[in-house]
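# Survey of secondary and tertiary structure
Take a look at the letters that make up each chain.
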Amino acid sequence: LVIGSLGYILIIKRQMYGNSLLVSDQQFPHIHKIAEDISTKLGIVKPTIFIEQNPYLNAYAFGFKKPYMVVLSSSLVEGLTDSELYFVIAHEIGHIYLGHTRWLSIISPLGNNNFFLSLLYG
């Protein structure tokens, strides 16, 4: 299960690099600065931030080991102020800090419609 999950994570990371925008100090510098600030305050390595084309407001953290990923939807970036984005990014980096992304990355290949996972995680 763990080996399959690690393969799944690798595939998702490759897809993000090919289909999403990578946040850097050159591209979306305000988001890059927010992520750097939060990561420094928590004492962790800054995750790789991506923006994916998506009409729904959504953000998630992903990964089993460094470098972790935070994915923001394009509608979220377009629709929120910098202080609201700070909150959303801090929330996602908080998942990384607390180790939640490891568990979610292991169970996410099993799908959202798994009866036992639905009972466990709602």
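Just above, that's the structure.
Below is a summary of the structure that appears in this document. Only a predicted model underlies this, so the values are computations on that prediction, with no experimental measurement involved.

Quick notes on the rules
Residue positions are given per chain, counting from 1 as you read along its sequence in written order. Selection of residues for local features in this predicted model requires a pLDDT of at least 70, selection of side-chain atom pairs for listing and counting requires 80 or more, and totals for whole chains, interfaces and linings are taken over all residues. Just so you know, side-chain values use all the structure's heavy atoms and leave hydrogens and water out. A fitted line through C-alpha atoms represents every axis, and for helices the fit uses only the stretch in contact; the resulting angles, taken between N-to-C directions, go from 0 to 180 degrees. For helices the rule is a DSSP run of H or I covering at least 4 residues; for strands it is a run of E covering at least 2, with both sets numbered from the N terminus onward. Any angle that is under 35 degrees is reported as roughly parallel, and any over 145 degrees as roughly antiparallel; angles of 65 to 115 degrees are reported as roughly perpendicular and all others as oblique. The hand of a helix crossing depends on one turn: near helix anticlockwise from the far one by less than a right angle means left-handed, and clockwise means right-handed. Whether two residues are in contact is decided by their heavy atoms: any pair within 4.5 Å suffices. Burial classification: accessible surface area is computed with a 1.4 Å probe over protein chains only, and a residue below 20% of its type maximum counts as buried, one above 50% as exposed, and the rest as partly exposed. Two strands qualify as a pair provided DSSP detects at least 2 bridges between them. We define a nonpolar core as any set of buried Ala, Val, Leu, Ile, Met, Phe, Trp, Tyr and Cys residues linked to one another through side-chain atoms lying within 4.5 Å. Only four residue types enter the tally: Lys and Arg on the positive side, Asp and Glu on the negative side, with His and both chain ends excluded. A pair is scored as a salt bridge if a Lys or Arg side-chain nitrogen falls within 4 Å of a carboxyl oxygen belonging to Asp or Glu. Throughout this description, a polar contact denotes any pair of N or O atoms lying within 3.5 Å of each other; where both atoms belong to protein, one of them has to be capable of donating a hydrogen while the other can accept it, and for residues adjacent in sequence the pair is counted only when both atoms sit in side chains.

The next subject is the packing of helix α2 (residues 29-42) against helix α4 (residues 82-97). Each packed pair of helices is defined by two parameters, the angle between the axes and the distance between the axes. It is the contact of α2 with α4, at a shortest axis distance of 9 Å, that shows an interaxial angle of 45 degrees. The angle between α2 and α4 places the two elements in the oblique class. The two elements α2 and α4 cross, and the hand of that crossing is right-handed. Judged by residue contacts, His30, Ile31, Ile34, Ala35, Asp37, Ile38, Ser39, Lys41 and Leu42 of α2 engage Asp82, Leu85, Tyr86, Ile89, Ala90, Ile93 and Tyr97 from α4.

What follows is about the pairing of strand β2 (residues 48-52). Most of β2 sits out of view: five of its five residues are buried. Alternating residues of β2 divide into Thr48, Phe50 and Glu52 and Ile49 and Ile51, and every residue in both groups is buried. Of the strand pairs in this sheet, strand β1 (residues 21-22) and β2 are connected by two bridges, and their pairing is antiparallel. Looking across to β2, one finds that Leu22 is bridged to Phe50.

What follows is about the nonpolar core. In terms of nonpolar packing, the biggest core is built from 19 residues, with Ile31, Ile49, Val70, Leu72, Ile89 and Ile93 touching the most fellow members. Broken down by secondary-structure element, the contributors of at least two residues to this core are α2, β2, β3 (59-62), β4 (69-73), α3 (74-79) and α4. Element by element, the count of residues in this core is highest for α4, at five residues. Residue contacts for Ile31: discarding those within four places in its chain leaves Val23, Ile49, Ile51, Leu72, Val77, Leu85 and Ile89. With seven residues, the next largest nonpolar core counts Met16, Phe50, Met69 and Val71 among its residues.

On to the side chain of Lys13, then. Its location among the elements puts Lys13 in helix α1 (residues 2-19). It is Glu92 that comes nearest to the buried, bridge-free Lys13 among opposite-charge side chains, at 15 Å. Engagement of the side chain of Lys13 in a polar contact is seen with the backbone oxygen of Pro67, the distance being 2.9 Å. When near neighbours in sequence (up to four residues on either side) are disregarded, Lys13 contacts Lys65, Pro67 and Met69.

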